[in-house]
Amino acid sequence: MELFHGRTIAFKDVALSILPRFLTVAMKKYDVGKKITVLTATSGDTGKAALEGFRDVEGVSVVVFFPEDGVSLVQKRQMTTQEGRNTHVIGVRGNFDDTQTGVKKMFTDATLNKELSDRGFMFSSANSINIGRLLPQIVYYFYAYAQMVSGGYIKTGEPLNFTVPTGNFGNILAGYYAKNMGLPINKLVCASNGNKVLFDFFKTKVYDKNREFKLTSSPSMDILISSNLERLLYHVSNDGDKVRAFMSDLSGSGRYGFDYATPDFEAAYATEDEAADAIKEVYANGYVMDTHTAVGYAAYKKYAAATGDGTKNIFLATASPFKFARAVCTAIDAKYGNEDELQLIEKLSELSGVPVPKQIAGLMNKPILHTTVCDTDKMEAEVRSRFAE
Ligand SMILES: *Cc1c(COP(=O)(O)O)cnc(C)c1O
């Protein structure tokens with residue numbers, strides 16, 4: 001299920017095209033009387049999708065912080081060339097965790113919130129802690145299922161598996177909501193890369209973030225604190241006090257045990273080599289996957305081999321391979337390792353027979369409109385100077 005045909009060729013476009021409409025309707029309905037400042041930390045894809053989703057939306061500004069050296073060349077250009085009267089793009093000298101921590105701090109900083117409020121602004125989030133990000137994603141599970149039926153691949157009511165390349169647990173949680181709304185889903189397979197904190201959680205029932213953070217070729221899944229898992233814990237336990245205690249253990253010791261069954265989920269993971277081999281294997285069969293989708297593919301194969309589960313399965317393809325041209329090309333053939341990223345984008349088009357997406361073609365010739373770079377301790381000053389002074 002290719003989810004990357006939206007405005008920024010990220011699966012996040014699905015939800016971030018709709019979220020701004022939810023927000024403007026809710027603002028009117030509840031008569032909030034303030035303008036909204038959407039604060040976002042991004043490791044690459046969320047930022048651009050949020051900028052496009054919110055650009056020129058009345059009553060809303062969008063501020064995106066990204067780690068200056070932590071996103072791909074294409075992702076960076078996509079953001080720094082962003083148009084729109086209400087867009088702010090700021091590079092941070094630090095890694096994604098520093099950037100995310102800086103943003104989270106601003107959400108809870110009472111002084112800053114008061115200053116902003118006095119100026120007629122309030123914060124909101126475009127990250128998937130916002131329930132408005134999850135709801136639109138429920139739809140495509142139903143749509144995919146319906147296509148399988150109308151294509152004659154399954155009978156109505158026949159269960160399907162879905163394999164989801166997972167980071168913050170938002171996309172797969174939408175699948176869980178779809179199942180609870182009656183969609184015949186057998187297993188939701190949670191696929192992780194080398195940062196397999198979720199795999200370990202489902203296998204051992206212990207969530208433990210105390211481990212080495214690995215930089216992988218599927219950076220949107222490089223996460224040790226998976227925000228939306230908290231929501232699943234609540235749905236499964238139906239006990240808010242317990243969930244609060246788990247979260248408090250998570251921010252204290254970094255771990256908690258969860259003694260409830262989660263029969264709707266299976267978990268699997270793929271190493272860097274396994275994901276690269278998957279790209280090569282599927283390429284030989286005539287299809288080019290991106291690195292995140294490849295993690296899903298490789299992980300599912302391991303799961304299916306281990307369990308013998310023969311249920312038909314849908315892979316969620318979460319990114320265009322053109323965004324990760326270097327990793328994809330070198331997985332297909334190591335000889336591409338020395339070419340520059342822009343050449344590789346052309347090469348990928350040749351290899352796949354797919355034209356370079358229009359969102360990427362021409363990107364390098366677009367004027368750079370955002371040049372601010374700041375230290376992690378100056379992020380708040382950037383926001384204050386734009387909204388509170
Ligand atoms: C965001 C993202 C993911 C992870 O999705 P979650 O909803 O955070 O689990 C996976 N792949 C890509 C390409 C993404 O951009």
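Residues numbered from 1 in each chain as written. Predicted model: local features only at pLDDT ≥ 70, side-chain atom pairs only at ≥ 80, totals over all residues. Heavy atoms only, no water.

Caption draft 1: Layout of the overall build of the chain. When its secondary structure is counted, the chain shows 16 helices and 11 strands. Its C-alpha atoms put the chain at 60 × 55 × 40 Å along the principal axes. A buried classification covers 52% of the 389 residues belonging to the chain. When contacts within the chain are restricted to residue pairs at least 6 apart in sequence, those whose partners lie at least 24 apart make up 74%. For the chain, the accessible area works out to roughly 17100 Å², and carbon and sulfur atoms hold 52% of it. For the chain, the distance from the average position of its 44 positive side-chain charges to the average position of its 45 negative side-chain charges is 4 Å. (Helix = DSSP H or I, 4+ residues; strand = E, 2+ residues; numbered from the N terminus. Buried < 20%, exposed > 50% of the residue type's maximum accessible area, 1.4 Å probe, protein only. Contact = heavy atoms within 4.5 Å. Areas by Shrake-Rupley, 256 points an atom, 1.4 Å probe, with all protein chains shown as cover. Lys, Arg positive; Asp, Glu negative; His and termini not counted. Charge placed at Lys NZ, Arg CZ, Asp CG, Glu CD.)

Caption draft 2: Just the site of the ligand, in detail. Inspection of the region around the ligand gives 15 residues, with Lys12, Gly167, Asn168, Asn171 and Thr318 positioned closest. In this structure, aspartate 45 approaches the ligand through a side-chain N or O atom, which is 3.4 Å from an oxygen atom. For the ligand, whose unbound accessible area comes to 380 Å², protein coverage reaches 97%. Of the residues in the shell around the ligand, the class split is five nonpolar, eight polar and two charged. (Near = heavy atom within 4 Å. Polar contact = N/O pair within 3.5 Å; in protein donor to acceptor, adjacent residues only side chain to side chain. Nonpolar A, V, L, I, M, F, W, Y, C, P; charged D, E, K, R; others polar.)

Caption draft 3: The packing of aromatic side chains, seen in detail. The tally for this structure, following the rule as stated, stands at 21 aromatic pairs. Sitting over the ring of tyrosine 269, lysine 196 keeps its end group 5.2 Å from the ring centre. One residue, lysine 302, lies across the ring of tyrosine 269, its end atom 4.2 Å from the ring centre. (Phe/Tyr/Trp six-rings, centres within 6.5 Å; stacked < 30°, edge-to-face > 60°. Lys NZ or Arg CZ within 6 Å of the ring centre and 35° of its normal.)

Caption draft 4: Spatial organisation of the sheet that holds strand E4 (residues 121-125). Reading across the sheet, the five strands line up as E4-E1-E2-E3-E11 and stay open at both edges, with parallel pairing between neighbours. The open sheet has two free edges, formed respectively by E4 and strand E11 (373-375), since each of these has just one partner strand. Each strand axis lies, on average, 30 degrees off the axis of its neighbour in the sheet, ignoring direction. Across the sheet, helix H3 (residues 45-54) touches strand E1 (35-41), strand E2 (60-67) and strand E3 (87-93), and the angle it forms with E2 is around 165 degrees. (Pairing = 2+ DSSP bridges. Axes fitted to C-alpha atoms, helices over the stretch in contact; angles between N-to-C directions.)

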